[in-house]
Every structure is written in C-alpha cells, then in structure tokens.
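# Survey of secondary and tertiary structure
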Amino acid sequence: VESYLEKHPCPDEGTLGVGVWEKLCLYVKMIGNFAGLLEDMRKNWDDWMAWKTSKNCHAKKLPGGWDNKLSDFQRLILLRCLSPQHGIAGIRNFLVSSRHSASVENQALDSMETLFDDMDNKTPCLFVLSAGTDPMGSWIK
C-alpha cells in the first residue's frame, strides 16, 4: 500500500482522510477492477466529491463510467468506503438488484415459532432492530 500512496497521494486529506485513501489503495492493489480508480479520482476530484457528498449517492451513477467497470458488490465496497452513512441503503439496493428483494422487505412476524420453523443450521436468522422497537414481547410469548 505504501508504494501506491507514494505514486498516488491523497488529493485532499482534509476532505477524504488518509485512512479512506489507504483503503482505496488496498482495493486497487487487491481487486483487479479497481485498477485506474486512484488516477481517475485524482483527475476528476470534483466529480467524485460531488458524488460522495450527494444526498442519495447510493442511487446515483459513479463518476467516470465506473458503474460499467465494477460489479454491484464492488460498487457496494466503494460506497461503504467513501460514504459509509449510505451503507445500509447501498446494501438494500444491492440485494434488490441481486434479486433478493424479499430480504429487505418488512415482513410481519406471527410468532417466534413460525420464525424458528423457517430456520435450520444453514439458514441463520438476523434481526435488524430500529430505534423505538422492542422485540421482547415477541420473545416472551
């Protein structure tokens, strides 16, 4: 990563931060489709920062045609690195585009027994709790 940092110093450490730029260097080093990203970001810095700071960057096209260069999962990795506050929305978009929309739909839960019937040792259950929710009543039943 050090050699990448020397060749491609962060264009604006105050805005992006060295840690984020180091992650990007690591992605370029380890993931073939990220080749050329650092050069493009340095060349088109204003476009990248406009995308990063936009309200719905998870739903907007990446600058420089990178949507055509990266897979949906790689795009999610980049989103999580550059704009972590949009990570959940990005995961939701990724699941919908991967035809797993049922994973992100809110489903009413009749009882914990119904939930346990749908699980086995290879099908885990993940709870995503939101502020203001209290699942304790369902657990007690």
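Here the structure is a predicted model, which is why all the values come from computation and not from measurement. Here the residue numbers are simple positions, counted from 1 along each chain's written sequence. Local features in this predicted model are restricted to residues of pLDDT 70 or higher, and side-chain atom pairs are both shown and tallied only at a pLDDT of 80 or more, whereas totals for entire chains, interfaces and linings draw on every residue. Values shown for side chains rest on all heavy atoms present in the structure; no hydrogens or waters enter the calculation.

This part is about the overall build of the protein chain. Helix and strand assignments come from DSSP, with helices taken as H or I runs of at least 4 residues and strands as E runs of at least 2, each series counted from the N terminus. When helices and strands are tallied, the protein chain shows nine helices and zero strands. Counting from the amino terminus, helix and strand elements in the protein chain follow one another as α-α-α-α-α-α-α-α-α. The buried share of the protein chain, reckoned over its 141 residues, is 30%. Note on contacts: a residue pair qualifies if any of its non-hydrogen atoms lie within 4.5 Å across the two residues. Long-range pairs, those at least 24 residues apart, make up 47% of the contacts in the protein chain with a sequence separation of at least 6. Calculation of accessible area relied on Shrake-Rupley with a 1.4 Å probe; when residues are assessed, cover is drawn exclusively from the protein chains displayed. A total of about 9700 Å² of accessible surface is found on the protein chain, and carbon and sulfur atoms cover 52% of it. Each residue gets one of three labels from its accessible area relative to the maximum for its type: buried under 20%, exposed over 50%, partly exposed in between, using a 1.4 Å probe on protein chains only.

Moving on to helix α5 (residues 45–52). Each α-helix turn comprises 3.6 residues. Residues three or four places apart therefore point the same way. Taken residue by residue, α5 has Trp 45, Trp 48, Met 49, Trp 51 and Lys 52 as its buried positions. Down the axis of α5, the buried side of the element spans an arc of 160°, and every buried residue falls inside it. Where α5 is buried, its residues touch α2 (13–16), α3 (18–30), α4 (37–43) and α6 (72–82). The directions considered for the arc run from the helix axis to the C-beta atoms.

Glancing now at the packing of α5 against α6. Orientation is described by axes fitted as lines to C-alpha atoms, over the contacting stretch for helices, and by angles from 0 to 180 degrees between their N-to-C directions. Where α5 meets α6, the axes come as close as 11 Å, and the angle between the chain directions of the two elements is 85°. When the axes of α5 and α6 are compared, the pair comes out roughly perpendicular. Contact residues: Trp 48, Trp 51 and Lys 52 in α5; Arg 75, Leu 78, Leu 79 and Leu 82 in α6. Basically, the charged four are Asp, Glu, Lys and Arg, the nonpolar ten are Ala, Val, Leu, Ile, Met, Phe, Trp, Tyr, Cys and Pro, and anything else, Gly included, counts as polar. Of the residues assigned to the contact of α5 with α6, the class counts are five nonpolar, no polar and two charged. In what follows, roughly perpendicular refers to angles from 65 to 115 degrees, roughly parallel to angles under 35, roughly antiparallel to angles over 145, and oblique to any angle outside these ranges.

Basic side-chain nitrogens of Lys or Arg form a salt bridge, by our definition, when they fall within 4 Å of a carboxyl oxygen of Asp or Glu. Under the criterion given, the structure shown has one salt bridge. For Arg 75, the salt bridge goes to Asp 67, with nearest N and O atoms at 2.7 Å.

Now for the nonpolar core. Formed by 27 residues in total, the largest nonpolar core has its most connected members in Leu 16, Trp 21, Leu 24, Leu 37, Trp 48, Leu 78 and Leu 82. At the level of elements, α3, α4, α5 and α6 are the ones that each hand at least two residues to this core. Ignoring anything within four residues of it in the chain, the contact list for Leu 37 reads Leu 24, Val 28, Trp 48, Trp 66 and Leu 78. In these notes, a set of buried Ala, Val, Leu, Ile, Met, Phe, Trp, Tyr and Cys residues joined through side-chain atoms within 4.5 Å is what counts as a nonpolar core.

Pairing of aromatic side chains requires ring centres within 6.5 Å, counting the rings of Phe and Tyr and the six-membered ring of Trp. Pairs whose planes differ by under 30 degrees are stacked, by over 60 edge-to-face, and all others tilted. Applying the stated criterion across every chain yields a total of four aromatic pairs. Think of it as a cone above the ring: NZ of Lys or CZ of Arg counts as a charge over the ring if it is within 6 Å of the ring centre and within 35 degrees of the ring normal. Cation over ring: Lys 69 sits above Trp 66, and NZ or CZ is 4.4 Å from the ring centre.

Before going further, it helps to spend a moment on α6. Among the eleven residues of α6, eight are classified as buried, and the element is accordingly described as predominantly covered. Among the residues of α6, those classed as buried are Gln 74, Arg 75, Leu 76, Ile 77, Leu 78, Leu 79, Cys 81 and Leu 82. Structurally, α6 contributes buried residues whose contacts are with α2, α3, α4, α5 and α7 (87–97).

This brings us to the state of the cysteines. Counting rule for disulfides: a pair of cysteine sulfur atoms within 2.5 Å. Under the definition given, this model contains zero disulfides. Left without a disulfide partner, Cys 10 is nearest to the cysteine sulfur of Cys 25, which lies 8.6 Å away. In this structure Cys 10 comes out as buried when scored by relative accessible area, which is 13%.

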